[in-house]
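So you can see what is in the structure, the chains are spelled out below.
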Amino acid sequence: MNWSKYKNIATNGVLKNNPIFRLVLGTCPTLALTGSALNAFGMGLAVTFILTLSNTFISLLRKVIPDEVRIPAYVLIIATLVTIIRMLLEKYIPVLFESFGVYLPLIVVNCIILGRAEGFANKNPIFDSALDGFFTGIGCTLAMGLMGIVREFLGAGSFFGMQLMDFRIEFFTSAAGAFFVYGMFIAIFNAAYKAIENKINKKNFALHLEELSIKENN
Amino acid sequence: MAKIIVSDSPHIKGPRTTKGIMIDVIIALIPAFVMGCVFFGVKALFVVALACVTSVLTEFVFLLIQKKKISDILKEFDFTSLVTGMLLGLTLSSEVPFYVPILGSIFAIAVIKMLFGGTGKNIVNPAIAGRIFVFIAFQSVMISGYVLPSINAITSSNQILGGATPLTSMLNGGPNLSNLDLFLGTGVAGCIGETSKAALLLGAIYLVIKRVINWKWPILYIVTTGIMAVILDKFNLSAFLPSILSGGLFLGAIYMATDYVTTPSTDKGCYIYFTALGILTAVLRYATKIEVVSFAILLMNLVMPLLNFRPRAFGEISSWQKFKQKLSHWQSRRAK
């Protein structure tokens, strides 16, 4: 078992290459569905589910699919999975199915999924690809969920549908508010990410210096 | 030995500073502010003061977060945030809850002005953007909150809720006030600063005399709006005066649309800019039946960079002359 590799995949998916805040992919469902926290989390989980399976299948078929027609082949695989999840949602969670509307079939052309298929799944083994899909999906879910919580709290004064206060700023439920919150989150996330990166770099540098001094002493 | 300082141009400084211009604008706004206080009472004073204080404080806090020294902040303070706060307060109704001016000013200064780089770097007018933010954010409060003014508003505590402003009642085909009432602001329900056109004109005259604004542009904007309203009303000439005298057109045209940062830098651009503003205002008013001056200005602010034509360099042939040259060249070739 190669733990450091899996750890790397996980941090890549959730933090380093967070699809929403770092790569700015999948903007359309992010802006449209983060008006309420429940929708945002639901969409994130749907993307996670599809991303894990699509990465698995594409990795499985990576040696069969000819290079020239790979994109149509990927779209076919993803569309199959989306159709399955549409049917499942319509049967078991009709409320979520209705609130997703057109954005559920649009997952087929979601750049996060195609991006991971192109960037990872078509040149890595099955288990790695599945793991990468899962963690990228989790990163997407967390990002969308956070935005959903903030927008719902400010725009409707509620938390997952629970009414907390009467005061509401309707701006945040509108499209302009979505862009505003999105920009703020990207700024905060990148600032925090850079601060952490600097800290790690400094730590590594200090360790490096220590090693050097030990060597010199010897 | 004398100390020689080498510096880049410009070497000659003019007497006009941002600070001076902004103080002039504040002086010009005082008549409208006073009339607003007379009409709407202490509440109006409270709203405007709250907007001003929050704007200035937001700017200070933002600069402190940027780790600037307090002495530097005080030295560089140029009153633009105070003007923004004042304008924002004047475009609100006197009945709004206290958080409306506060949140509007914070949005206007922190997001629209400071995030884009401070004074002179904003892409849209902060006061307009702040007003539109609160308009979208608190729609129910903003639309229903207008009161009818009364001369003894300061003494009497209970005021009559007017509901519709003269503009909305006019656009929806309701009864309207006389032009003189609209001009003086007596009996006009509306925002604090927009009611008395006479006070606004007084401020405009001051600004024109001090050469802060060019008299052409507000007039162009207002007249275009009036003409467009007449055309949309099937060439009914009596629609001209009510349409320009009601709503926030004067306030917007004199103090907001003429903001230096968000108007084109050439005359040619300005002619297009203000004509388009007038047409947009009249057409959008006709289409949406609400007051749209702020939205029209925001829209034109965003397309302003497209109207920033490069001025003709000295000795350069204009495109019209170029066209004439080509034409004569072509004609001479045909003659052969």
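Parameters and conventions
- Residues numbered from 1 in each chain as written.
- Chains lettered and ligands numbered in written order.
- Predicted model: local features only at pLDDT ≥ 70, side-chain atom pairs only at ≥ 80, totals over all residues.
- Heavy atoms only, no water.
- Core = buried A, V, L, I, M, F, W, Y, C linked by side-chain atoms within 4.5 Å.
- Buried < 20%, exposed > 50% of the residue type's maximum accessible area, 1.4 Å probe, protein only.
- Helix = DSSP H or I, 4+ residues; strand = E, 2+ residues; numbered from the N terminus.
- Contact = heavy atoms within 4.5 Å.
- Buried area = accessible area lost by both parts, 1.4 Å probe.
- Salt bridge = Lys/Arg side-chain N within 4 Å of Asp/Glu carboxyl O.
- Polar contact = N/O pair within 3.5 Å; in protein donor to acceptor, adjacent residues only side chain to side chain.
- Phe/Tyr/Trp six-rings, centres within 6.5 Å; stacked < 30°, edge-to-face > 60°.
- Expected span 1.5 Å × (residues − 1).
- pLDDT = per-residue confidence, 0-100.

### Notes on the nonpolar core
In step 1: In terms of nonpolar packing, the biggest core is built from 111 residues, with F21 and I107 of chain A together with Y221, Y255 and L277 of chain B touching the most fellow members.
In step 2: Ranked by residue count, the leading element in this core is helix α1 (residues 18-40) of chain B, at eleven residues.

### Re the interface of chain B and chain A
In step 1: Contacts between chain B and chain A engage eleven residues on the former and eight residues on the latter.
In step 2: Interface of chain B and chain A: buried area, both sides summed, is about 730 Å²; carbon and sulfur atoms make up 80% of it.
In step 3: Three residues stand out in chain B for area buried against chain A, namely F133, I136 and A137 of chain B, and they jointly supply 46% of the buried area on that side.
In step 4: One can count zero salt bridges joining chain B with chain A.
In step 5: Counting across the interface, chain B meets chain A through one residue pair in polar contact (both at pLDDT 80 or more).
In step 6: Where the side of chain B that touches chain A is concerned, the elements lending two or more residues are α5 (99-114), α6 (126-137) and α7 (139-144) of chain B.

### Regarding the packing of aromatic side chains
In step 1: Taken as a whole, this structure holds 25 aromatic pairs over all chains when the rule is applied.
In step 2: Judged by centre distance (5.5 Å) and plane angle (90°), the rings of Y6 of chain A and F127 of chain A are edge-to-face. Residue Y6 of chain A is located in helix α1 (residues 3-16), and its partner F127 of chain A is located in helix α7 (residues 126-156); the two are separated by 121 residues in the primary sequence.
In step 3: Both rings, one in F180 of chain A and one in F107 of chain B, keep their centres 5.7 Å apart while their planes meet at 55°; by these two values the pair is tilted. Placement of the pair is F180 of chain A in helix α8 (residues 175-217) and F107 of chain B in helix α5, with the two residues belonging to separate chains.

### Some remarks on the pattern of salt bridges
Residue and element names in this part refer to chain A.
In step 1: Scanning the entire structure with this criterion turns up six salt bridges over all chains.
In step 2: Notably, a salt bridge pairs R70 with E118, separated by 2.7 Å at the nearest N-O pair. In this pair, R70 is assigned in helix α4 (residues 70-92) and E118 in helix α6 (residues 111-119), connecting sequence segments 48 residues apart.
In step 3: With relative accessibility at 25%, the residue R70 sits in the partly exposed group.
In step 4: Residue class for E118 comes out partly exposed when judged on its relative accessible area of 27%.

### Notes on the side chain of N39 of chain A
Residue and element names in this part refer to chain A.
In step 1: As for its position among the elements, N39 is in helix α3 (residues 37-60).
In step 2: According to the relative accessible area criterion, N39 is buried, its value standing at 16%.
In step 3: In this structure the side chain of N39 is engaged in a polar contact, spanning 3.0 Å, whose partner is the side chain of S99.
In step 4: Aside from chain neighbours lying at most four places away, what touches N39 is L33, L96, S99 and F100.

### Observations regarding α7 of chain A
In step 1: A rise of 1.5 Å per residue sets the reference length of α7 of chain A, with its 31 residues, at 45 Å; its end C-alpha atoms lie 43 Å apart and thus fit the reference within 8%.
In step 2: Taken from the residues just after α7 of chain A, G157 of chain A is the one with a positive phi, measuring 70°.

### Focus: the confidence of the model for chain B
Residue and element names in this part refer to chain B.
In step 1: With 89% of its residues at a pLDDT of 70 or more, chain B has an overall mean of 84.
In step 2: Predicted confidence for residues 151-162 stays below pLDDT 50, and this span has 22 contacts to residues more than four positions away or in other chains.
In step 3: Complex prediction metrics read pTM 0.80 and ipTM 0.76.

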